[in-house]
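Read off the chains here:
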Amino acid sequence: MTKAALDPAAPLVFDTAELGRSSGTTMHIERGVPAPEAFGLEGVYAVPKSSTVDLDVRLTAVSEGVLVDGEVEAVAEGECARCLAPVRDTLRVQVQELYAYEGSVTEATTDADEIMRLEGDLLDLEPAVRDALVLAMPVTPLCRPDCPGLCAECGVPWDELPDDHGHEAVDPRWAGLEKLRLADTDGESK
């Protein structure tokens, strides 16, 4: 299966032609770009599609390719795993990735999925950004660390319930006796 060619107009695809191949040449990129897809689990916790992803990265030409190093920032949205309240967090992550030149020794000595590769002069930063953001996401997003969650009986958030809230649970094996007790308290005869 052949891989589709990179779209130079894609928000996270960059042209490295001005770097040349002289080791040490750098190019600084600082800008906000729209997320080309949702990063994370949509509806649970993710950086929404088309939301702004802020990049502050440096591209450096090295002997085997282009080294990308810097910081990415985006806002992730979802719901609290305990109480289902909306959660909105700013994720700030470091990215560092080597993109090998076509025909370089690194390309020849590594498997296709071990290292990122340039396509001509184009570099696709999307996989590195997505991986860094998703790995920084909490497994269970919370609205706050001490969120008490929902009442297991009525499903109302504990924060909205009075301190003395509770549900009397009657063991079904004693339900018949409970009816007798209730009848007795109502003044009815046994």
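Residues numbered from 1 in each chain as written. Predicted model: local features only at pLDDT ≥ 70, side-chain atom pairs only at ≥ 80, totals over all residues. Heavy atoms only, no water.

Caption draft 1: Structural context of the side chain of E126. If you trace the backbone, E126 turns up in helix α2 (residues 126–136). Residue E126 is classed as buried on the basis of its relative accessible area of 16%. Excluding its chain neighbours within four sequence positions, the residues that come into contact with E126 are L12, P36, E37 and F39. (Helix = DSSP H or I, 4+ residues; strand = E, 2+ residues; numbered from the N terminus. Buried < 20%, exposed > 50% of the residue type's maximum accessible area, 1.4 Å probe, protein only. Contact = heavy atoms within 4.5 Å.)

Caption draft 2: Focus on the packing of aromatic side chains. Counting across every chain of the model gives 0 aromatic pairs. The ring of Y101 is capped by R21, whose NZ or CZ atom sits 3.9 Å from the centre of that ring. (Phe/Tyr/Trp six-rings, centres within 6.5 Å; stacked < 30°, edge-to-face > 60°. Lys NZ or Arg CZ within 6 Å of the ring centre and 35° of its normal.)

Caption draft 3: Just unusual backbone geometry, in detail. Of note in this structure, S50 is not a glycine but carries a positive phi near 75 degrees. A positive phi is found at L84, a non-glycine position, where the angle reads about 70 degrees. Tracing the chain through its elements places L84 in the loop between β6 (65–79) and β7 (86–100).

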